[in-house]
Amino acid sequence: MATKLLLQRTRTSLFSCLSQLSPSYSFRILYAKASSEILGQLRHNAHLPPPLSPSSRTFCSRSSNILDESHGPAAIDYRSQLQEGEYHKLADSTIHSLQEKLEDYGDDVEVDGFDIDYGNDVLTVKLGNLGTYVLNKQTPNRQLWLSSPVSGPSRFDWDQESKAWIYRRNKANLYKVLETELEQLCGKPIVLSRSCL
């Protein structure tokens, strides 16, 4: 502990001393070389292990590969984000089409407690003891949010290229997610992806 405190004090005093000289590029090089040499000597004398490189630090329990897109959402290109009017048109059309198709589907499946409700831009599909789906608009983010009893919460963005609502984290299509999960839960296939818009 005392050695770590000594290292920190040395670094602080070195920076304080050198920062009074010049803010130029050569100052930064001088500071980097001097601090590296001094800290290296202190570590050697104190028998400390070498410092961790930034790439070896892990802040969560799973290994991280920053280049692997499956670990996080893709970057948002705000230049291509929908205008509010266009977003409402697409979102409302999607929700109303899903409502109609799901009402027809409810007539074809034998699920106790199957019920559909729409109000305040929220579509709720109750499947009795199988669970409840909630699909709602999130205008500030230009997203549709889905709460699923199978896959949990998801946030779908409109993708101009595919003309579909896509979950950026795993590239899942809203309609395909619902088709797969509803068939899994209710035992009967449903086609939502054609003519929804």
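Cut-off values and rules
- Residues numbered from 1 in each chain as written.
- Predicted model: local features only at pLDDT ≥ 70, side-chain atom pairs only at ≥ 80, totals over all residues.
- Heavy atoms only, no water.
- Phe/Tyr/Trp six-rings, centres within 6.5 Å; stacked < 30°, edge-to-face > 60°.
- Helix = DSSP H or I, 4+ residues; strand = E, 2+ residues; numbered from the N terminus.
- Buried < 20%, exposed > 50% of the residue type's maximum accessible area, 1.4 Å probe, protein only.
- Lys NZ or Arg CZ within 6 Å of the ring centre and 35° of its normal.
- Salt bridge = Lys/Arg side-chain N within 4 Å of Asp/Glu carboxyl O.
- Lys, Arg positive; Asp, Glu negative; His and termini not counted.
- Polar contact = N/O pair within 3.5 Å; in protein donor to acceptor, adjacent residues only side chain to side chain.
- Contact = heavy atoms within 4.5 Å.
- Pairing = 2+ DSSP bridges.
- Axes fitted to C-alpha atoms, helices over the stretch in contact; angles between N-to-C directions.

**Thoughts on the packing of aromatic side chains**
Thinking step 1. One pass over the full model with this rule turns up 4 aromatic pairs.
Thinking step 2. Measuring from ring centre to ring centre gives 6.2 Å for tyrosine 87 and tryptophan 165, while their planes differ by 85 degrees; the resulting arrangement is edge-to-face. Placement of tyrosine 87 in helix α3 (residues 84–108) and of tryptophan 165 in strand β6 (residues 164–167) is noted, with a sequence separation of 78 residues between them.
Thinking step 3. With a centroid separation of 5.4 Å and 70 degrees between ring planes, the pair formed by tryptophan 158 and tryptophan 165 is classed as edge-to-face. The residues tryptophan 158 and tryptophan 165 share a single accessibility class, namely buried.
Thinking step 4. Through a chain of ring-to-ring contacts, three or more aromatic side chains come together here, namely Tyr87, Trp158 and Trp165.
Thinking step 5. If you follow arginine 155 out to its NZ or CZ, it ends over the ring of tryptophan 145, 4.1 Å from the centre.

**Regarding the pattern of salt bridges**
Thinking step 1. Counted by the stated rule, this structure contains 4 salt bridges.
Thinking step 2. Among the ionic pairs, aspartate 92 bridges to lysine 137, the shortest N-O distance being 2.8 Å. Pair noted here: aspartate 92 is in helix α3 and lysine 137 is in strand β3 (residues 132–138), with a separation of 45 residues, a long-range link.
Thinking step 3. A salt bridge links lysine 137 to aspartate 121; its shortest N-O distance comes to 3.9 Å. Linking lysine 137 in strand β3 with aspartate 121 in the loop between β1 (114–119) and β2 (122–127), this pair joins segments that are 16 residues apart in sequence.
Thinking step 4. Given the relative accessible area of 10%, lysine 137 is considered buried.
Thinking step 5. One network of salt bridges, with partners in common, ties together Asp92, Asp121 and Lys137.

**A short note on the side chain of arginine 142**
Thinking step 1. With respect to the helices and strands, arginine 142 occurs in the loop between β3 and β4 (143–148).
Thinking step 2. Although arginine 142 lies buried, it forms no salt bridge, and the closest oppositely charged side chain, glutamate 84, sits 4.3 Å away as judged by the N-O distance.
Thinking step 3. Within polar-contact distance, the side chain of arginine 142 engages the backbone oxygen of leucine 82 at 3.0 Å.
Thinking step 4. Reaching out from arginine 142, the side chain makes a polar contact with the backbone oxygen of threonine 139 at a distance of 2.8 Å.
Thinking step 5. Residues contacting arginine 142, with those up to four places away along its chain left out, are Gln81, Leu82, Gln83, Glu84, Tyr87, Phe156, Asp157 and Trp165.

**Details of the sheet that holds β4**
Thinking step 1. Read across the open sheet, the 7 strands follow the order β1-β2-β3-β4-β5-β6-β7; overall the sheet is antiparallel. Strands with a single pairing partner mark the edges of an open sheet, and in this sheet they are β1 and β7 (172–173).
Thinking step 2. In this sheet, β3 lies alongside β2 in antiparallel orientation, the contact comprising 5 bridges. Across the sheet, residue valine 122 finds its bridge partner in β3, namely asparagine 136.
Thinking step 3. In the packing of α3 onto the sheet, contacts are made with β1, β2, β3, β4, β5 (152–159) and β6, and the angle to β1 comes to roughly 155 degrees.

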